[in-house]
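If you want the building blocks of each chain, they are given just below.
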Amino acid sequence: MSASKDTIIVNANVEMTTRSLETIVENAKQKVGRDEKGVYRVDTADKVSEMISRFLLEKDFEAYVMNYQ
């Protein structure tokens, strides 16, 4: 995700609103569009992972956990 940070992939259960997930799925579908058979070929779980990872890096999750009490 980021060339300047040492990162790893962690599989976790994440609680989010249903509206957030619906929006991620709809945006992913719009971005890739349908294939010649009319099917959307996008892994929405990967999109959720990408978005959460980007959010954590941009919002400095590392600083947050260092100050968590």
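Within the protein chain one finds three helices and zero strands. When the helices and strands of the protein chain are read in sequence order from the N terminus, they spell out α-α-α. The C-alpha radius of gyration computed for the protein chain amounts to 15 Å, which surpasses the reference 11 Å derived for 69 residues by more than 25%, pointing to a less compact arrangement than a globule. Classification of the 69 residues of the protein chain by burial places 6% in the buried group. Within the structure as shown, the protein chain displays about 6,500 Å² of accessible surface, and the carbon and sulfur contribution to it stands at 51%. Charge centroids of the protein chain, computed over 10 positive and 12 negative side chains, lie 7 Å from each other.

Of the pockets and cavities examined, the largest pocket occupies roughly 1,100 Å³. Contributing to the lining of the largest pocket are 25 residues, with Ile-8, Val-10, Ile-52, Ser-53 and Leu-56 lying nearest its centre. Elements that contribute at least two residues to the lining of the largest pocket include exactly α2 (44-58) and α3 (61-66). No other element matches α2, which puts 11 residues into the lining of the largest pocket. In the lining of the largest pocket, the residues fall into 15 nonpolar, four polar and six charged. If you add up the space inside the second largest pocket, you get close to 210 Å³. Taken together, Ile-24, Asn-27, Ala-28, Lys-31, Lys-47, Glu-50, Met-51 and Arg-54 make up the full set of residues lining the second largest pocket. Of all the elements in the fold, those that place two or more residues in the lining of the second largest pocket are α1 (18-32) and α2. Of the residues assigned to the lining of the second largest pocket, the class counts are three nonpolar, one polar and four charged.

Conventions we followed
- In this convention, every chain numbers its residues from 1, walking through the sequence in written order.
- In keeping with the predicted nature of the model, local features appear solely for residues at pLDDT of at least 70, side-chain atom pairs appear and are counted solely at 80 or more, and the whole-chain, interface and lining totals rest on all residues.
- The basis for every side-chain value is the complete set of non-hydrogen atoms in the structure, without hydrogens or water.
- By the criteria applied, helices consist of DSSP H or I runs no shorter than four residues and strands consist of E runs no shorter than two, each listed in order from the N terminus.
- Note that the radius of gyration is over C-alpha atoms, with the globule rule given as 2.2 Å times the number of residues to the power 0.38.
- Burial classification: accessible surface area is computed with a 1.4 Å probe over protein chains only, and a residue below 20% of its type maximum counts as buried, one above 50% as exposed, and the rest as partly exposed.
- In this description, accessible areas are obtained by the Shrake-Rupley approach with a 1.4 Å probe, and a residue is regarded as covered only by the protein chains that are shown.
- This count recognises Lys and Arg as positive and Asp and Glu as negative, with His and chain-terminal groups excluded.
- Where a charge sits is defined by one atom per residue type, namely NZ (Lys), CZ (Arg), CG (Asp) or CD (Glu).
- Both site types are read off a 1 Å grid over the protein atoms alone. A 1.4 Å probe that fits but cannot get out defines a cavity, while an open set with protein on both sides within 12 Å along at least five of seven lines defines a pocket; lining residues have an atom within 4 Å of a point.
- Grid points are joined across faces, edges and corners, and a volume is the space filled by probe spheres set on the points.
- Basically, the charged four are Asp, Glu, Lys and Arg, the nonpolar ten are Ala, Val, Leu, Ile, Met, Phe, Trp, Tyr, Cys and Pro, and anything else, Gly included, counts as polar.

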